[in-house]
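# Results of the structural survey
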Amino acid sequence: QVQLVESGGGLVQPGGSLRLSCAASGFTFSTYAMSWYRQAPGKERELVATIGSGGTRNYADSVKGRFTISRDNAKKTVYLQMNSLKPEDTAVYYCYVRPGNWWGQGTQVTVSS
């Protein structure tokens, strides 16, 4: 049974940082690309970042230079380091595996003073 469990969300002030984690199980983690999506209130879900099985990274233009995606295959975990956070980064962040269309339950990130 595939499980994706996100953690690390919370309330942070503008300019602050958070690190999200997504712990995976039930599939061969190291062979799959992993992605982070987010969905803000009243908006469609959007792709934030993807890391390939070989480590290739891609980012949405809105987060380039501020967010970093990484993975630890031994821990079966993908991370999203978020720096210089802005109020417009407020959203529920989801872990996603495209080949299986697997989603985590999401973790709330709120950027507010």
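It should be noted that the structure appears before, not after, this text.
Residues numbered from 1 in each chain as written. Predicted model: local features only at pLDDT ≥ 70, side-chain atom pairs only at ≥ 80, totals over all residues. Heavy atoms only, no water.

Right, let's get into the overall build of the protein chain. Scanning the protein chain for helices and strands turns up zero helices and eleven strands. Going from the N terminus to the C terminus, the protein chain shows its helices and strands as β-β-β-β-β-β-β-β-β-β-β. Against the globule reference of 13 Å for 113 residues, the protein chain gives a C-alpha radius of gyration of 13 Å, in line with a compact fold. When burial is assessed residue by residue, the protein chain has 42% of its 113 residues classed as buried. Long-range contacts, defined as pairs at least 24 residues apart, comprise 53% of the intrachain contacts of the protein chain with a sequence gap of at least 6. For the protein chain, the exposed surface amounts to about 5,900 Å²; the carbon and sulfur share of it is 45%. Averaging the locations of the 12 positively and 7 negatively charged side chains of the protein chain gives two centres separated by 6 Å. (Helix = DSSP H or I, 4+ residues; strand = E, 2+ residues; numbered from the N terminus. Rg over C-alpha atoms; globule rule 2.2 N^0.38 Å. Buried < 20%, exposed > 50% of the residue type's maximum accessible area, 1.4 Å probe, protein only. Contact = heavy atoms within 4.5 Å. Areas by Shrake-Rupley, 256 points an atom, 1.4 Å probe, with all protein chains shown as cover. Lys, Arg positive; Asp, Glu negative; His and termini not counted. Charge placed at Lys NZ, Arg CZ, Asp CG, Glu CD.)

A few words on the packing of aromatic side chains. Within the structure shown, the criterion is met by eight aromatic pairs. Judged by centre distance (5.3 Å) and plane angle (85 degrees), the rings of Tyr37 and Tyr96 are edge-to-face. You can see Tyr37 sitting in strand 4 (residues 34-39) and its partner Tyr96 sitting in strand 9 (residues 91-97), a full 59 residues away along the chain. The pair Tyr37 / Tyr96 is uniform in exposure class, with both members buried. Relative to Trp103, the ring of Tyr96 has its centre 4.1 Å away and its plane inclined at 35 degrees; by these criteria the two rings are tilted. Judged by relative accessible area, Tyr96 falls into the buried class, the value being 7%. You can call Trp103 partly exposed: its relative accessible area is 34%. Here the aromatic residues Phe27, Phe29, Tyr32 and Trp102 are joined through ring pairs into a cluster of three or more. Seen from the ring of Trp103, Arg45 lies directly overhead, with NZ or CZ sitting 4.5 Å from the centre. (Phe/Tyr/Trp six-rings, centres within 6.5 Å; stacked < 30°, edge-to-face > 60°. Lys NZ or Arg CZ within 6 Å of the ring centre and 35° of its normal.)

Here we come to the state of the cysteines. In this structure the tally under the stated criterion is one disulfide. The disulfide partner of Cys22 is Cys95, and the gap between their sulfur atoms is 2.2 Å. Across the S-S bond of Cys22 and Cys95 the torsion is about -85 degrees, and the bridge reads as left-handed. Of this pair, Cys22 sits in strand 3 (residues 18-25) while Cys95 is found in strand 9, placing the two residues 73 residues apart along the sequence. (Disulfide = S-S within 2.5 Å.)

Right, let's talk about the pairing of strand 1 (residues 3-7) for a bit. Burial along strand 1 is one-sided: Leu4 and Glu6 are buried, and none of Gln3, Val5 and Ser7, which face the opposite way, are. Sheet topology places strand 1 next to strand 3; five bridges connect them, and they run antiparallel. By the bridge assignment for strand 3, Val5 is matched with Ala23. (Pairing = 2+ DSSP bridges.)

Moving on: the sheet that holds strand 7 (residues 67-72). The four strands lie next to each other as 1-3-8-7, forming an open sheet whose pairing is antiparallel. Of all strands in the sheet, those with a lone pairing partner are strand 1 and strand 7, marking the two edges. Within the sheet, the average angular offset between the axes of one strand and its neighbour, ignoring direction, is 15 degrees. Bridging between strand 7 and strand 8 (residues 77-82) involves six bridges; their strand directions are antiparallel. Along strand 8, the bridge assignment pairs Ser70 with Tyr79. (Axes fitted to C-alpha atoms, helices over the stretch in contact; angles between N-to-C directions.)

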